[in-house]
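Chain by chain, the residues:
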Amino acid sequence: MKRLFLIVSILSACTVVLAQSYRSMSVWQGSSSTEFSLVAVDSVVMDTDGSLKIVTGSSTETFQAADIDSVTLSVPSIESTNTRNMKELIAEFNGVSINRNSYKPVGTNNPLMGHKFGADPFGMVDGDRVYVYMTDDHIYDSNGNVIESGYGDCKKVSVISSEDLVNWTDHGAQPVAGSVGGPATWANNMWAPCAAHKTINGKEKYFLYFADNANGIGVLTSDYPYGPWKQPSGMNSLISHSTPNCGGSIVPWLFDPAVMVDDDGNAYLYFGGGIDGLSAADPGSARCVQLGSNMISIVGEPKQIRPPYLFEDSGINKVGGKYIYSYCANFSAGGTTSTNPGSGNIGYMISDNPLGPFKYVGKCFDNPGGGWGGGGGNNHHAILEFKGKYYILYHTRTLKSAMRKENPVILDGMELRSTCISEINVDTVNHKIANLSVSSMDISDASVKQLKNFNPYQTVPGATMAWERGIETTYRERLGKYAYATAEAKKGSWMCISNVEFGQDGPIAFTAKVKGKGVIKVCRGNPTANSGSALIALAEITSDRSYKTVKVPLVNIPPKTVSKLYIVFSDEASLESWSFIKEDNGE
């Protein structure tokens, strides 16, 4: 680690060293030293009587020259962008109310987000990250007013990603339907998205499939798993009621797609549902079809799948060479039997072929709205394999229930669902999924564990967090490159990262790309920490019009232990990214 140590000889008189010019100070007497931190000290004075005075606020600690062997000042090798000293920066938080309570309690890992809603999740693994695509359940209109939103208001896809299943990066709620300026000009809605990626002509391409209400399935493309998304040239819906074997009388609901790219590169799409005018016990309204090699066309006529008591919510997985189709049962199913999953529960079928025929096996997931998830409602799931384990994504109303305690304007009937994730037992030898039941379920921290510690030395997108209070996110698009979201903070807002590991050497500086007002405070374990070893960095925000890079040496070197990291805002600000620095790389 690069540090400059200045040994001050106790010879000169009336020497004053401003505290902001060093990180820490050690007064050595024999083999022991008295330590002073950067924040604690206002000034160091060598008086005419030969004594050394350490001035801290209204108190002064005095050392006689005869008792001092040396004074060591640890000087940062990073030049700070701050224009004010630490005391002035800390003062920015005086009178700022910081609510330590989050709607998603700190230490719990479900739902995935505490700052916004998202429903009908689908998970796609790409490299070391899992991407989750959701229906954009939302509580505010474009003017910030609380609305009693319904399915007809869902027109965007909400995308988040993680490499540890606890810290999630929000890539924003991205317009899809043409009715909100999205690329699918033909569509009025965006429901229940799913995604896949495939190498085409030597380049990795990403595909987003979604439902326009119950009227059809669309597809968008991108060069990145998080967008921006484009409508294939000259194309409207991929599947409509005019598609063979998909008429409205036999497939009432053309929605809830699921996609799978098989080991041989062929891809398949699953969709459909509804019991309108059909037998509740055997509606036969699910469909599957092979996709063309370009992923934006279909091969042949969609084939029928006949899940008992089908309602909606297609799912597809390949397990041990077999194809498992899963779905949500309708509410006429009654209790679970050997031939139906039970009302609102997830059942599954198995086949030797991706296009069937499929044979019913049993139930694998209880409807969380029936008890432990709160608030009733429909069920929707997706099963994925990630880093050697299987997980199930689903939605509950737990976040809405927590928010209602403080916000009576949020009504019980509002469609405000939140995505959760839990580990699920999949037998890859016998091709079976053990049922995840109400009695065994815990949707808090016990249901999913953090897979790895968080690396603070990477460039971290601003909208990355495990917990927060007062943070919102804004989708932004850089045309021709990629899509991202920024974290929008209010006065006293904070976000928290779980299990941050600084390593053996530790960082020397904190940097961020930010605009707005006030000061960013970085601390461990407590968002209200303004002093002591919990305080790590203070960064003055230097621009309120455009994103500027701030870079500051650390107030305290964080310990080698893994800990929670808080980023706190004294005023309104927008955070694009942040990182810790190990070495001064000259940037």
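Residues numbered from 1 in each chain as written. Predicted model: local features only at pLDDT ≥ 70, side-chain atom pairs only at ≥ 80, totals over all residues. Heavy atoms only, no water.

A few points about the overall build of the protein
Then comes step 1: Within the protein, the secondary structure is distributed over two helices and 41 strands.
Then comes step 2: Along the longest, intermediate and shortest principal axes, the C-alpha atoms of the protein span 100 × 50 × 50 Å.
Then comes step 3: For the protein, the residues scored as buried account for 56% of the 587 residues in total.
Then comes step 4: For the protein, long-range pairs separated by at least 24 residues make up 62% of all intrachain contacts whose partners lie at least 6 apart in sequence.
Then comes step 5: For the protein, the exposed surface amounts to about 23000 Å²; the carbon and sulfur share of it is 47%.
Then comes step 6: Averaging the locations of the 50 positively and 57 negatively charged side chains of the protein gives two centres separated by 1 Å. (Helix = DSSP H or I, 4+ residues; strand = E, 2+ residues; numbered from the N terminus. Buried < 20%, exposed > 50% of the residue type's maximum accessible area, 1.4 Å probe, protein only. Contact = heavy atoms within 4.5 Å. Areas by Shrake-Rupley, 256 points an atom, 1.4 Å probe, with all protein chains shown as cover. Lys, Arg positive; Asp, Glu negative; His and termini not counted. Charge placed at Lys NZ, Arg CZ, Asp CG, Glu CD.)

Some points on the side chain of N189
Then comes step 1: Within the element layout of this structure, N189 appears in the loop between β12 (168–175) and β13 (191–200).
Then comes step 2: Reaching out from N189, the side chain makes a polar contact with the backbone oxygen of C154 at a distance of 3.2 Å.
Then comes step 3: Contact partners of N189, with chain neighbours within four places excluded, come to Y151, G152, D153, C154, K155, A177, F210, A211, D212 and N213. (Polar contact = N/O pair within 3.5 Å; in protein donor to acceptor, adjacent residues only side chain to side chain.)

Some points on the nonpolar core
Then comes step 1: Residues Y209, L269, Y270 and Y325 are the most contacted members of the largest nonpolar core, which totals 62 residues.
Then comes step 2: Beyond its immediate sequence surroundings of up to four residues, Y325 is in contact with Y270, A286, I305, P307, L310, S314, G315, I316, G347, Y348, M349 and F358.
Then comes step 3: If you look at the next biggest cluster of nonpolar residues, it comprises 29 residues, including I471, V514, A573 and L575. (Core = buried A, V, L, I, M, F, W, Y, C linked by side-chain atoms within 4.5 Å.)

Considering a nonpolar patch on the surface
Then comes step 1: A surface patch of nonpolar side chains, amounting to about 250 Å² of accessible area, comprises Y140, V146 and V409.
Then comes step 2: Mapping V146 onto the fold places it in the loop between β10 (129–135) and β11 (156–162). (Patch = residues over 30% accessible without salt bridge, like charges linked within 9 Å, V, L, I, M, F, W, Y side chains within 5 Å. Salt bridge = Lys/Arg side-chain N within 4 Å of Asp/Glu carboxyl O.)

Considerations on the layout of surface pockets
Then comes step 1: Computed from the structure, the largest pocket encloses a volume of approximately 1100 Å³.
Then comes step 2: Taken together, 37 residues make up the lining of the largest pocket; nearest its centre are K116, H138, I139, Y140 and E472.
Then comes step 3: With four residues, the single largest contributor to the lining of the largest pocket is strand β33 (residues 472–478).
Then comes step 4: By residue class, the composition of the lining of the largest pocket is 14 nonpolar, 11 polar and 12 charged. (1 Å grid on protein atoms, 1.4 Å probe; cavity = no way out; pocket = protein on both sides within 12 Å on 5 of 7 lines; lining within 4 Å. Points joined across faces, edges and corners; volume = space filled by probe spheres on them. Nonpolar A, V, L, I, M, F, W, Y, C, P; charged D, E, K, R; others polar.)

Concerning the sheet that holds strand β32 (residues 467–469)
Then comes step 1: In space, the five strands of this open sheet follow the order β32-β35-β40-β37-β38, with antiparallel pairing throughout. One side of each edge strand has no neighbouring strand; the edge strands of this open sheet are β32 and β38 (535–540). The average angle at which neighbouring strand axes cross in this sheet is 15°, direction not considered.
Then comes step 2: With three bridges connecting them, β32 and strand β35 (residues 494–500) associate as antiparallel partners. Considered in β35, the bridge of W467 is made with C496. (Pairing = 2+ DSSP bridges. Axes fitted to C-alpha atoms, helices over the stretch in contact; angles between N-to-C directions.)

Regarding the pattern of salt bridges
Then comes step 1: Within the structure shown, the criterion is met by 21 salt bridges.
Then comes step 2: Across the pair D170 and K116 runs a salt bridge whose closest N-O atoms are separated by 3.1 Å. Placement of D170 in strand β12 and of K116 in the loop between α1 (86–91) and β9 (119–126) is noted, with a sequence separation of 54 residues between them.
Then comes step 3: On the basis of relative accessible area, K116 is assigned to the buried category, the value being 14%.
Then comes step 4: Between D352 and K322 there is a salt bridge, with its nearest N and O atoms 2.3 Å apart. Linking D352 in the loop between β23 (346–351) and β24 (359–365) with K322 in strand β22 (residues 322–329), this pair joins segments that are 30 residues apart in sequence.

Side note on the confidence of the model for the protein
Then comes step 1: Taken residue by residue, the protein gives an average pLDDT of 89. The fraction at 70 or more is 91%.
Then comes step 2: Scored below 50 in pLDDT, residues 1–22 makes 61 contacts in the model with residues more than four places away or belonging to other chains. (pLDDT = per-residue confidence, 0-100.)

Focus on the sheet that holds β11
Then comes step 1: Taken together, the five strands give an open sheet; going across it, the order is β9-β10-β11-β12-β31, and neighbouring strands pair in antiparallel fashion. Edge strands, defined here as strands with exactly one partner in the open sheet, are β9 and β31 (464–465).
Then comes step 2: Two elements, β9 and β10, share six bridges in a ladder whose sense is antiparallel. Of the residues in β10, the one forming a bridge with D126 is R129.

Notes on the packing of aromatic side chains
In this description, a pair of aromatic rings is defined by centroid distance and the angle of the planes.
Then comes step 1: Tallied over the entire structure, the rule returns 20 aromatic pairs.
Then comes step 2: Seen from their ring centres, Y457 and F502 are 6.4 Å apart, and the 80° between their planes marks the pair as edge-to-face. Here F502 lies in the loop between β35 and β36 (509–516) and Y457 lies in the loop between β29 (432–433) and β30 (460–461), a separation of 45 residues in the sequence.
Then comes step 3: Its relative accessible area of 2% is what places F502 among the buried residues.
Then comes step 4: The residue whose ring lies beneath R469 is Y103, and the NZ or CZ to ring-centre distance is 4.5 Å.
Then comes step 5: Just above the ring of Y457 sits the side chain of K582; from NZ or CZ to the centre is 4.7 Å. (Phe/Tyr/Trp six-rings, centres within 6.5 Å; stacked < 30°, edge-to-face > 60°. Lys NZ or Arg CZ within 6 Å of the ring centre and 35° of its normal.)

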